[in-house]
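Now for the letters of each chain:
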Amino acid sequence: MEVNLNRAERMLFALLRASLHRLDVDTSCFESIEASDCKQCYHLACLPDADAARLSCRTLFGGRRDDVPF
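Along the chain, D37 turns up in helix 2 (residues 35–45). Once residues within four sequence positions are removed from consideration, D37 is found in contact with R7, A8 and M11.

Here the focus is a nonpolar patch on the surface. On the surface, a nonpolar cluster with roughly 700 Å² of combined accessible area is contributed by M1, V3, L5, F13, L16 and L20. Mapped onto the elements, L5 comes out in the segment before helix 1 (7–21). In this structure L5 comes out as partly exposed when scored by relative accessible area, which is 34%.

Another point: the environment of K39. Position of K39 among the secondary structure elements: in helix 2. Put simply, K39 and A8 are 31 residues apart on the chain and 8.3 Å apart in space, counted from C-alpha to C-alpha.

This part is about the packing of helix 1 against helix 2. The geometry of helix 1 relative to helix 2 is characterised by a closest axis approach of 8 Å and an angle of 55° between their N-to-C directions. Comparing their axes, helix 2 and helix 1 come out oblique. The interaxial crossing formed by helix 1 with helix 2 has right-handed handedness. Within the contact between the two elements, helix 1 uses R7, A8, E9, M11, L12 and L15 and helix 2 uses D37, C38, Q40, C41, L44 and A45.

The rules we used
- Residues numbered from 1 in each chain as written.
- Predicted model: local features only at pLDDT ≥ 70, side-chain atom pairs only at ≥ 80, totals over all residues.
- Heavy atoms only, no water.
- Helix = DSSP H or I, 4+ residues; strand = E, 2+ residues; numbered from the N terminus.
- Contact = heavy atoms within 4.5 Å.
- Patch = residues over 30% accessible without salt bridge, like charges linked within 9 Å, V, L, I, M, F, W, Y side chains within 5 Å.
- Areas by Shrake-Rupley, 256 points an atom, 1.4 Å probe, with all protein chains shown as cover.
- Salt bridge = Lys/Arg side-chain N within 4 Å of Asp/Glu carboxyl O.
- Buried < 20%, exposed > 50% of the residue type's maximum accessible area, 1.4 Å probe, protein only.
- Axes fitted to C-alpha atoms, helices over the stretch in contact; angles between N-to-C directions.
- Parallel < 35°, antiparallel > 145°, perpendicular 65-115°, else oblique.
- Left-handed = near helix turned anticlockwise from the far one by under 90°.

Written out as C-alpha cells, the structure reads:
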C-alpha cells in the first residue's frame, strides 16, 4: 500500500525520524517551503486536544495537579 503524504506531513516525519534515530534531518522536503507549510507542520505536531492530554496526565500522576508536567 502506497501512502501519499503532503509536504507538511513529510516535514514532520523527517523531523521525527531524525529525532528518534539521532540522525541529521533530511532537508530535501524543506526546499521551497512556504509559511503555510510550516504552520501546518506545527499544528500536526501539537496535541489536538490538550485538555484530554492534561486529564490523562492527571490520571497517570494520581490526580495531583502539581505532578502534571504542563
